[in-house]
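Examining the three-dimensional arrangement
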Amino acid sequence: MRNISSVLGRLAKTMSVGLMLLFAVTMAHAQDVKEGETLFKSKCTTCHGVTKKVVGPALAGMSERHSEEWLVKWIHNSQAMVAAGDPAAVQIFEEYNKMVMTSFTDLSEDQIKSIIAYVKAEETKAAEAPAGGGAEGGAGAKSGDASTMMIVGLIAIVVLAVVVIVVLNRVIRTLEKVIANNQAAIAEAQARNEQFEESKFAKFAKAFVKNKKLVGFAVLMLVAFLAVLGWNTMWNVGVHQGYQPVQPIKFSHQIHAGVNQIECQYCHGGAFKSKNASIPSANVCMNCHNTVTASDHYDGEISPEIAKIYRAVDYNPETREYGDNPKPIEWVRIHNLPDFAYFNHSQHVVVAGVECQTCHGPVETMEEVYQYSPLTMKWCVDCHRTTAVNADNAYYDQLIEAHEKLKKGEKMTAAMIGGLECGKCHY
Amino acid sequence: MDSNKKYWKGLEELQQTPAFVESSKGEFAEPIPVEDVLNEAGLSTKTPRRDFLKALGFGLGAVTLAACNRTPVHKAVPYVIKPEEVTPGIPNFYASSFNGQSVLVRTREGRPISISPNPNAVGVTQGTDATTVASVLDLYDMSKLQNPQLGGKDVEWSKLDATVIDALTKAASAGKQIAIVSSTVNSPSTLAAIAKLTAKYPTTTHVQVDAVSYSGIIEANRASFGKAVVPSYHFNNANVVVSVAADFLGTWLAGEEHTQDYIKNRDYKSLKNGKMSRHIQFESGLSMTGSNADVRIAIKPSEEGAVLISLYNAITGQSLPGGVSNKKAQTAITLAAKELTNNRGGAVVVAGSNDVNVQLLVNAINSALGAYGAIIDLDNFSKQYQGSDAAFQQFLADAAAGQVGVAFFLNSNPVYDYFKPADVTNALSKVAFTLSFADRPDETASTLKAIAPASTFLESWGDASSKEGYFTIVQPTINPVFNTRQAEQSLLIWSGDNTNIYEFVKQNWETNILAGTGKTWKDVLQTGFVYKGSATGSSYSANVDVNAVASAIATAARAIAGEVELKLYESTVMRDGRYANNAYLQELPDPITKVTWDNYAAINPKFAEELGIGEKGRIKVEANGYAVELPVVLQPGQALGTVSIAVGYGRTKVGKAGNNVGQNAYPFARLVNGTIQFASKASVSKAGGSYELAQTQTHHTIEGRNIIRETTFAKYLKDPNSESGRFSDSHKTYDLWNKFESPGHKWVMAIDLNACTGCGSCIVACNVENNIPVVGRDEVRRRREMHWLRIDRYYTLDAGDTKLTKEKEIAKATDLDYEDVTVVHQPMLCQHCDHAPCETVCPVLATVHSSEGLNHMAYNRCFGTRYCANNCPYKVRRFNWFNYWNDSRFDNYLNNEFTQLVLNPDVTTRSRGVMEKCSMCIQRIQGGKLKAKMENRKLRDGDVKVACQEACSANAIIFGDINDPESEVSKALRNERVYYVLEEINVQPNIGYMTKVRNTFEA
């Protein structure tokens, strides 16, 4: 349902954008606007929105506020203007807490004009949107259409169900009449059928039952099958490989670790210091997400998922202020070790140099994270049996020396230095 | 060698009573009904087949159904804004102090989980005693008040403040006294806060009174030296120590500091240098200090003064009247006096009495011995006890006369601990407004108009100065858990000062303490203390009118001399009763009697025989118009005709764990010449009924095997190997098992029996570190205490001239007076045997050996056959009969989510049906190793400290890696005194003990 509605929503949106573009063409050169859009998205969106204040001011209406010439100068080098004492420049600089806008000396005058044209087009579109008759089914109704669709769909289903019931009742009644009329004929046909069946299937069944070896074999197979099934089921009690719960925020490791190449350590620093890898606190998210709002994907709105972070830290993106009513995000824990097993991330990540992916799988490709490894004791032990100890660590010098005396040439695995002993993990 | 001494843990073992013999046969107190079930009659009658099948069917069905629920979804809730200093999974340490002891508080994710001594507190050695280590539990005590109260009802702080300020203003304008009654306050910032209140309301007076008073010493020093202080004692400078009823290693003044100093002359390092002090103790009840003495003489409380008079005469050659007539004591005094005079400048006499005259005589003796300066330091005096009995008397008189308008009680509970509680309540009824800062509605607070609950020291800013020139910081490690406010902040607000307490403490330090030290506030927060005192004290000589003093002593002695004399004492475990709701302390066995969860009347076995009382008997003790009925403990070493009762018990309003445990003994005290005294004449009679004390003394007994090795200092000097009797020296051993290789580390321990005083702080530290549950009185009676580490206390009879040491002689001796016993304390814990008998009998390999020489215990593998406990020769394995930490039947303290926050997150909580035992703090070993690996270096000696070792002020427990020849433990184990307990059964234990050396006279 949700999918259909979102598809419809997108469709409507595309249509409306098309309409707007058409409308915009009359206002400016199409080429300019298109180029302007590309430039705007690559250079400006980090700090500016068209109708929304982000880090810098909302750009809508800037053509009215300033001359085109002024704007070009400002975008090329705002600080120079401030230094020169341009009153408008100084005023903006003061208003935005003396935040320095990046200078775009690489942009040509035409390119800047394209951007201005694009912004103008966008602002007109935004102004038209609420009133625009053509775009009515589009962005404006976006939030409403899901529920409407739902209600309409439900009504349709109910109506359909009633129709089906009525029709079926009719059919049953007709059939009953037919049966009543043809009782005798049916009995005859049945008798004929039975004779036919007897001659074929029953014969086979009788022969099967009489052959005790075959029966014995079949029973044995069944028992064996059940035993294997039972055995496997029992062994998998408590193993949750592939566990992929729904998380409170649709966080994508694929975008963060895959596309954006953020180091694991940036968020999961605990893995390098402590036994807990630790889920990052919301303030770590805010390091980037106080500017990254993904609004270009959500029609100028802040991404609803990122908004959840804002709610957690009680951050108001309009005023850029933090409130004092934060609410922690309750993630669902995916990797659950039982309480009696002690596992330390730093031992594995820092000392042994194990890659995160060895245990957690290709996280950088996971849209939603799932439990990649079985996390059984067998799985731990197998790795300890085969993994060589990191010989570069000075701590192991003495052990390696002792080991050399005993087993020349072989690698020293974790198991050989007590990595399989109960008390290493259970205390 | 086979020691010719007979050691025994309790009289029942010595006399081999039938009940003892019977009970020592089984591993567990109650037999398991195996026979009943297995014989045929049992099967057909007790558990018929059909019932069995029904139960089986139901059980199977129930288990299947129970297993049907889905795997629970676990939430992982990170911080919203992570504090910079917190990394989940890594502890933070904060320097703080408790009762003036500089400590480190370990917190995990913002909650304090343990307290250890501050290792950097050099120069001022102060360890942690059991109460300090256990105090972390008090933070999570559910019996505490959660809001301030007015007239027994919860109110807002603002309402309380308004009421208090109103009362203060009224009292001040009426010219009435505003009294702050407290136990000793040595905190500079608390005193500053009180001064603020005094400035605002000039009629304010501050009365300090301690439940266990040291007024006698203060007054004596005022008279002798013009310094009204309690001096500090440096026992490390004393070669000879004579103590007359002063439990200076335990409860007398600064027990931990004394222990550290005292042991410096007696531990293996000192013995290696051929040096050992001599300690002579005169006392009536067997105290922990007495149990460590080289020579101990049992005397009656009325003889304490006489002993000192004789001693004074013997030292100075004078002949004051009123010397002791007791033969044994006379001999000992002659010998002791010789020792003392031979060691002038290196000898000291201390007395536990609170009688000014007794202390004056002690001053005269010490002055004659030249003890002032190096040993007794009057310049860097102790500030731990400044209470004045006279001041409190004055307060009561003023209050009764209606001159007091407002009374505040700070850490003071006189309705419980004053000897005449009725006087206190009567006096307080005349006071217009009364308030207590108690954290719970205790005996006093519940009778008052208001309670302004103070936060615990783990939630407060503050400081302490337990000694002149020594300042320790108290810094909070957690926000106040309940709606409490520290007393200092309340005092500031009431005096109209809205300074935040943090700013207040900081300013006070910066202006008054740190000036001139070159240290900043931040330095102090890091190190935890500042020491500005001088290195040693200067010499003083006392000017005492000994004749007057002697006659006063004689008069006082006559007043208490009688057929039966009663002596009250502070127990090492419960102290003055302040921490009675701490379940760890309630279950910590008394160092001598090994009684938990009760106080009792200790009497000599012979005296008991005369009274017709046996084990489990009860007596009625009457004195000074007060009487209690108490169970008796037949205490060897107790002077004949004396009864000892511990104060600190019998509290009624302290909380779930501590309410109605034992009887209150404070009302037995007397006020003599303006000081509270704990000895008096008494009468005793047999009381009806019987009572079984929860006593651990003969639990887990080692069947009288030869496990204690003891020698004398003289023998040791001739042959350091003396009496250590190493089995391997004289026997060839054969192994059934292969030798265990430990190529990396091999963790071992050395325990110095000469350093262990038996105080028990290691036991509490072990409990806290390893989440060991408290099981309660009934379970202790069933021999089910869970302590991984116990301290076995062994007695030997030592009858003066005729040495009664051999078993046969004891059997022949008919008329034993049991006054002369010597004591050895032996900490006993899992020995981590290389050829561990427990490992071979485990059917599921739940307990196995590691390549580091440890005996691992995998709880999740154990299914509770208990074969291992049966097969352990040291009896150190403990079985979880219940889910103690999560079962409402054992609701001592831990059965709520809040108190469970005290659990160490690195150690599993064990469930029912699982065996457990000492793991040598494997979580700390693994932590230490990991730290070394992370820093890319070898493990250094001292990187890993086990909990018991850390808590031991006497350094009796040394832990480390024997594969490192330079480690402290390797050096200690190369000592000649080392022997291994039960070495002859070739289990190859990894804990070496060092023989007990006694510096006796005879040698």
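Residues numbered from 1 in each chain as written. Chains lettered and ligands numbered in written order. Predicted model: local features only at pLDDT ≥ 70, side-chain atom pairs only at ≥ 80, totals over all residues.

Counting its regular elements, chain B contains 35 helices and 42 strands. Relative to the globule expectation of 30 Å for 1003 residues, the C-alpha radius of gyration of chain B, 29 Å, shows essentially globular dimensions. Taking the principal axes of its C-alpha atoms as reference, chain B extends roughly 85 × 75 × 65 Å. Pairs at least 24 apart in sequence give 75% of the contacts found in chain B among residues at least 6 apart. (Helix = DSSP H or I, 4+ residues; strand = E, 2+ residues; numbered from the N terminus. Rg over C-alpha atoms; globule rule 2.2 N^0.38 Å. Contact = placed C-beta atoms within 7 Å.)

With that settled, consider the overall build of chain A. Scanning chain A from terminus to terminus reveals 19 helices and 3 strands. In chain A, which comprises 427 residues, the share counted as buried stands at 17%. Nonlocal contacts in chain A, meaning residues at least 24 apart in sequence, comprise 68% of its contacts between residues at least 6 apart. (Buried ≥ 20, exposed ≤ 12 C-beta atoms within 10 Å, placed from the backbone.)

Residues and elements named next belong to chain B. With parallel pairing, the 4 strands of this open sheet are ordered in space as β12-β11-β10-β13. This sheet does not close on itself; its edge strands, each paired only once, are β12 (295–298) and β13 (347–351). The mean inter-strand angle of the sheet, taken between neighbouring strand axes irrespective of direction, is 10 degrees. Pairing of strand β10 (residues 240–244) with strand β11 (residues 278–283), which is carried by 5 bridges, proceeds in the parallel orientation. When the sheet's bridge partners are listed, Val240 is paired in β11 with Arg278. (Pairing = 2+ DSSP bridges. Axes fitted to C-alpha atoms, helices over the stretch in contact; angles between N-to-C directions.)

Now for the confidence of the model for chain B. All names here are of chain B. In this model, chain B carries a mean pLDDT of 88, and residues with pLDDT of at least 70 account for 94%. The least confident element of chain B, judged by mean pLDDT, is helix α30 (residues 807–812) at 53; the most confident is strand β32 (residues 747–752) at 95. Long-range and interchain partners of residues 799–804, a stretch whose pLDDT sits below 50, account for 9 contacts in this model, where long-range means more than four residues apart. In the model output, the complex is listed with pTM 0.83 alongside ipTM 0.84. (pLDDT = per-residue confidence, 0-100.)

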